[in-house]
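If you want the building blocks of each chain, they are given just below.
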Amino acid sequence: MDVTIFERSHRVLAKVEISGGGRCNCTNSFAEVRDLSEVYPRGHRLMKRLFNVFDYRKAYEWFEQQGVLLVTQEDQCVFPKAQDSHVIINCFLSLARQYQIQIVTGRKIQHLEEVQDYDYVAVTTGGSPKGEGLKWLSDMGHEIVSPVPSLFTVQIQDSSLTALMGTVVEHVSVMIPSTKFRANGPLLITHWGMSGPAILKLSSYAARHLAEQRYRMPLSVNWVEKTDAEIQAMLYESTARFSAKQLSTLNPFGLPQRLWEYFLMKTLGGRTMRWGELSKKDVNRLVNVLTNDTYQTAGRAPFKDEFVTCGGVSLKSINPSTLESRHVPNLYFAGEVLDIDGITGGFNFQAAWTTAYAVASSIAKKVL
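These numbers were taken from a predicted model, which means no experiment stands behind them. (Residues numbered from 1 in each chain as written. Predicted model: local features only at pLDDT ≥ 70, side-chain atom pairs only at ≥ 80, totals over all residues. Heavy atoms only, no water.)

Caption draft 1: Region of interest: unusual backbone geometry. Its identity as a non-glycine residue notwithstanding, Leu 13 has a phi of 65 degrees, on the positive side. As for its position among the elements, Leu 13 is in the loop between strand E1 (4–7) and helix H1 (14–22). Phi at Gln 76 is positive, roughly 75 degrees, even though this residue is not glycine. Here Gln 76 shows up in the loop between strand E3 (70–72) and strand E4 (77–80). (Helix = DSSP H or I, 4+ residues; strand = E, 2+ residues; numbered from the N terminus.)

As structure tokens, then:
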């Protein structure tokens, strides 16, 4: 077959290049995933079906067969052993040269008539946050699920909090009060608010809800991932065992020191106290700030850092086995243009590899 890739920008694989801080988190071991709905808020049923064709294990094997050695981190994220996204890029470009695939950059396709000389067309244009880029597909009868951003950080206008920028807490739980949306993992305090895997996962789970709220809603943080009763017991134990010690010099929860001092200022008003001087009301205030510390968000991060779009071509508009359009014969879809998206951790790239393999296999079967 003669294959041509039309790329809107002036170079291919730019998203791969910058992903994972330039290292490319290309998949995940899925060792800690009990159900695909945990990591694919949209499209998990289709992904389960397609994993029978090409899953994360096969993706791992495929890359290593191409000479790209991989390593799995403790958090189950998979990266190239070289810790450089360019080995992934070079792998694809090398194969494109080997199979004489033509790559045309700076070319935006806006209608099927532009590629009418081709027998098969695969649309892999990625997310379209504003939606206009999907109009040509809706004009052909495809149902479009309204796209909104996913995987973003949040802005919090609290100078006392943002003064702690750079502070990382490895294990927190975050949630949106009065909803079912919650996530856990590391959290990073930034100069604009909060970031890190816990926040990114929450933004993925709650993408549509957050868009409806215009990204202004309460956000609750459990900084220690323990219950009120557990924290209360630990605090009373400290008051008994370390009654003569200053509160600021003894941090029983292993939190970053600057953050612990921030909590003491927030709950005790900067009073210099010993553990034995804590009143019941003081203990309750500390319990509340450690397990239910609530902030008001002021929007998404003040720059366009979202990597993923929730929404796209509805899965009702495609054949779930072949990913071929139900409206236009020999038109296929793969990747983020579909209404499939995952949380942070390599799951979105895995969806790209899986759907791309399914499309290529479907076309190959027709040709053969």
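Picking up after the structure, the text goes on.
Caption draft 2: Representation of the pattern of salt bridges. Applying the stated criterion to the full structure yields eleven salt bridges. Here Arg 271 ties to Asp 282 by a salt bridge, and the two come within 3.0 Å at their closest N and O atoms. Of the two residues, Arg 271 is situated in the loop between helix H10 (257–268) and helix H11 (280–291) and Asp 282 in helix H11; the sequence distance between them amounts to eleven residues. Judged by relative accessible area, Arg 271 falls into the partly exposed class, the value being 42%. Its relative accessible area of 4% is what places Asp 282 among the buried residues. (Salt bridge = Lys/Arg side-chain N within 4 Å of Asp/Glu carboxyl O. Buried < 20%, exposed > 50% of the residue type's maximum accessible area, 1.4 Å probe, protein only.)

Caption draft 3: Structural view of the sheet that holds strand E12 (residues 218–222). Spatially, E8-E11-E10-E9-E12-E13 is the arrangement adopted by the six strands of the open sheet, whose pairing is antiparallel. With partners counted over all chains shown, the strands left at the sheet margins are strand E8 (154–155) and strand E13 (293–296), one partner each. Two strands pair when backbone bridges link them, and strand E10 (residues 182–189) and strand E11 (residues 193–195) are joined in this way by two bridges, in the antiparallel orientation. Within the sheet, the bridge partner assigned to Leu 188 lies in E11 and is Ser 195. Against the sheet, helix H7 (residues 197–205) engages E8, strand E9 (168–175), E10, E11 and E12, with an angle of about 135 degrees to E10. (Pairing = 2+ DSSP bridges. Contact = heavy atoms within 4.5 Å. Axes fitted to C-alpha atoms, helices over the stretch in contact; angles between N-to-C directions.)

Caption draft 4: Summary view of a nonpolar patch on the surface. Taken together, the side chains of Met 1, Val 3, Ile 5, Ile 103, Val 367 and Leu 368 make up a nonpolar region of the molecular surface, amounting to roughly 590 Å² of accessible area. Within the secondary structure, Leu 368 sits in the segment after helix H12 (347–367). (Patch = residues over 30% accessible without salt bridge, like charges linked within 9 Å, V, L, I, M, F, W, Y side chains within 5 Å. Areas by Shrake-Rupley, 256 points an atom, 1.4 Å probe, with all protein chains shown as cover.)

Caption draft 5: Quick look at the sheet that holds E4. Taken in spatial order, the three strands line up as E2-E4-E3 in an open sheet, and their pairing is antiparallel. Across the chains shown, the open sheet's two edge strands, defined by having one partner strand only, are strand E2 (27–28) and E3. Most of the contacts of helix H3 (residues 56–65) go to E3, to which it runs at about 140 degrees, and overall it touches E2, E3 and E4.

Nothing here speaks to function; it is all geometry.
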